[in-house]
Amino acid sequence: MLSERRLQVLRAIVQDYVGTEEPVGSKALTERHSLGVSPATVRNDMAALEDEGYIAQPHTSAGRIPTDKGYRLFVDKLAGVKPMTAPERRAIQNFLEGAVDLDDVVARTVRLLAQLTRQVAVVQYPSLTRSTVRHVELLSLAPARVMLVLITDTGRVEQRMVDCPAPFGEASLADLRARLNSRVAGRRFADVPKLVEDLADAFEHEDRGTVSMVLSTLLETLVEENEERLMIGGTANLTRFGHDFPLTIRPVLEALEEQVVLLKLLGEAKDPGVTVRIGHENAHEGLNSTSVVSVGYGSGGEAVAKLGVVGPTRMDYPGTMGAVRAVARYVGQILAES
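Here we summarise the structure given alongside this text. Please read these numbers as outputs of a predicted model, since none were measured by experiment.

With that settled, consider a nonpolar patch on the surface. Among the surface-exposed residues, Leu139, Leu141 and Met161 lie close enough to one another that they form a single nonpolar patch of about 260 Å² accessible area. Residue position: Leu141 is located in strand β4 (residues 133-142). According to the relative accessible area criterion, Leu141 is partly exposed, its value standing at 44%.

Per the stated rule, a full pass over the model turns up 18 salt bridges. Among the ionic pairs, Arg32 bridges to Asp16, the shortest N-O distance being 2.8 Å. A residue pair is termed long-range when its members are at least 10 positions apart, and Arg32 in helix α2 (residues 26-32) and Asp16 in helix α1 (residues 4-20) qualify at 16 residues. Residue Asp103 pairs with Arg229 through a salt bridge whose shortest N-O separation is 3.6 Å. In this pair, Asp103 is assigned in helix α6 (residues 102-117) and Arg229 in the loop between α9 (208-224) and β7 (230-233), connecting sequence segments 126 residues apart. Note on Arg229: relative accessible area 31%, which makes it partly exposed. Three or more residues joined by partner-sharing salt bridges are found here, namely Arg5, Arg6 and Asp45.

A few words on the nonpolar core. Counting residues in each nonpolar core, the largest one holds 56 residues, and the members touching the most others are Leu10, Leu29, Leu307 and Tyr317. Examining the composition of this core, we find that 11 residues originate from one element, helix α12 (residues 317-337), more than from any other. When residues no more than four places from it in sequence are discounted, the contact partners of Leu29 are Val9, Ala12, Ile13, Asp16, Val24, Leu35, Val42 and Met46. Core analysis: the second largest hydrophobic core is formed by 24 residues, Val136, Leu138, Phe168 and Val211 among them.

This part takes up the side chain of Arg72. Mapped onto the fold, Arg72 is located in helix α4 (residues 68-76). In this structure the side chain of Arg72 is engaged in a polar contact, spanning 2.8 Å, whose partner is the side chain of Glu281. The contacts of Arg72, once residues within four sequence positions are left out, are Val276, Arg277, Ile278 and Glu281.

Applying the stated criterion to the full structure yields one aromatic pair. For the cation-ring pair, Arg179 lies above Phe203, with the distance from its terminal atom to the ring centre recorded as 5.2 Å. Against the face of Tyr125 rests Arg229, its NZ or CZ located 4.0 Å from the ring centre.

Turning our attention to unusual backbone geometry. With glycine set apart, most residues show a phi of negative sign, and most peptide bonds adopt trans. Even without a glycine there, the phi angle at Glu21 is positive, about 65°. For Glu21, the location among the structural elements is in the loop between α1 and α2. Positive phi, normally seen in glycine, also occurs at Arg118, with a value near 55°. Counting through the fold element by element, Arg118 comes out in the loop between α6 and β3 (120-124).

As a further point, take the sheet that holds β3. The sheet built from five strands is open, its strands ordered β7-β3-β10-β9-β8 with antiparallel pairing. The strands lining the two open edges of the sheet, one partner per strand, are β7 and β8 (275-278). If you compare each strand with its neighbour and ignore which way they point, the axes differ by 15° on average. Here strand β9 (residues 290-297) pairs with strand β10 (residues 305-312) via eight bridges, running antiparallel. When the sheet's bridge partners are listed, Tyr297 is paired in β10 with Ala305. Each of β3, β7, β8, β9 and β10 touches helix α11 (residues 259-266); the most contacted strand, β7, lies at about 90° to it.

Cut-off values and rules
- Residues numbered from 1 in each chain as written.
- Predicted model: local features only at pLDDT ≥ 70, side-chain atom pairs only at ≥ 80, totals over all residues.
- Heavy atoms only, no water.
- Patch = residues over 30% accessible without salt bridge, like charges linked within 9 Å, V, L, I, M, F, W, Y side chains within 5 Å.
- Areas by Shrake-Rupley, 256 points an atom, 1.4 Å probe, with all protein chains shown as cover.
- Salt bridge = Lys/Arg side-chain N within 4 Å of Asp/Glu carboxyl O.
- Helix = DSSP H or I, 4+ residues; strand = E, 2+ residues; numbered from the N terminus.
- Buried < 20%, exposed > 50% of the residue type's maximum accessible area, 1.4 Å probe, protein only.
- Core = buried A, V, L, I, M, F, W, Y, C linked by side-chain atoms within 4.5 Å.
- Contact = heavy atoms within 4.5 Å.
- Polar contact = N/O pair within 3.5 Å; in protein donor to acceptor, adjacent residues only side chain to side chain.
- Phe/Tyr/Trp six-rings, centres within 6.5 Å; stacked < 30°, edge-to-face > 60°.
- Lys NZ or Arg CZ within 6 Å of the ring centre and 35° of its normal.
- Pairing = 2+ DSSP bridges.
- Axes fitted to C-alpha atoms, helices over the stretch in contact; angles between N-to-C directions.

Given below as structure tokens:
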């Protein structure tokens, strides 16, 4: 365990390096921070931090920079994240409230995160596996043609056409709509197949073929939509950090193009807290020079998906963590109200 004083020195090195982009020397530290000790003591502390792998000396300079291990300790020992100012919070709310549908919410969230943090923003669409049915609408388009509209608790809308084996009257359609919603509204997707398995038996013999067709279309829709979707934005922000990537940003850009990599990066949605993965903690080799800050979002206190940012390890962690958490909270509110 580091002493509190050495932890203070490490914090000062991280803050200065993130702020100035320059390796940090003991003289600069004692001038910029009230550490309450002599430059010689700071030099000794820095030597100890280097021996323990928390800071390193890049070959070009006499100063020191934090290692992945140093950033990890800095993040683990954070007293708190940087809160958003009242004008920032208002701006986030106003921008997100203008969204017209789920695609627009996700697109606005990506733009907002990329602008606030000046990193690459990644937003996962709410997963239907963790969603519940808000309503199922059935509309008659022709005597033997029905449109099925599935609306989820996260505002996702899916439409399917059903060609019925025989004409299906308005009264029968209204009856099916009412019975279907009484069983599935407010229920999780995973529970729906069991809830509707005997529903066709409640109808007249001549209507059962159509009811079965509608139900099988509904179940197919639930299965199809299990595929995870992502939206990414702000990739151009990486070009501002060229010198933060050892050789080139190409491996980072290539990794960001792989959806599977990004989904793994964001982690499981059921973990709602802010997660920070630093440097080599990222399993994908192309992302070893980046940090990922992610958090779950959702309505009603349950996370249905993740959002986050990817940037260089030289990152303003308290500010980034605060921004990611605040945006997730507002997106959750909008989904709950939609």
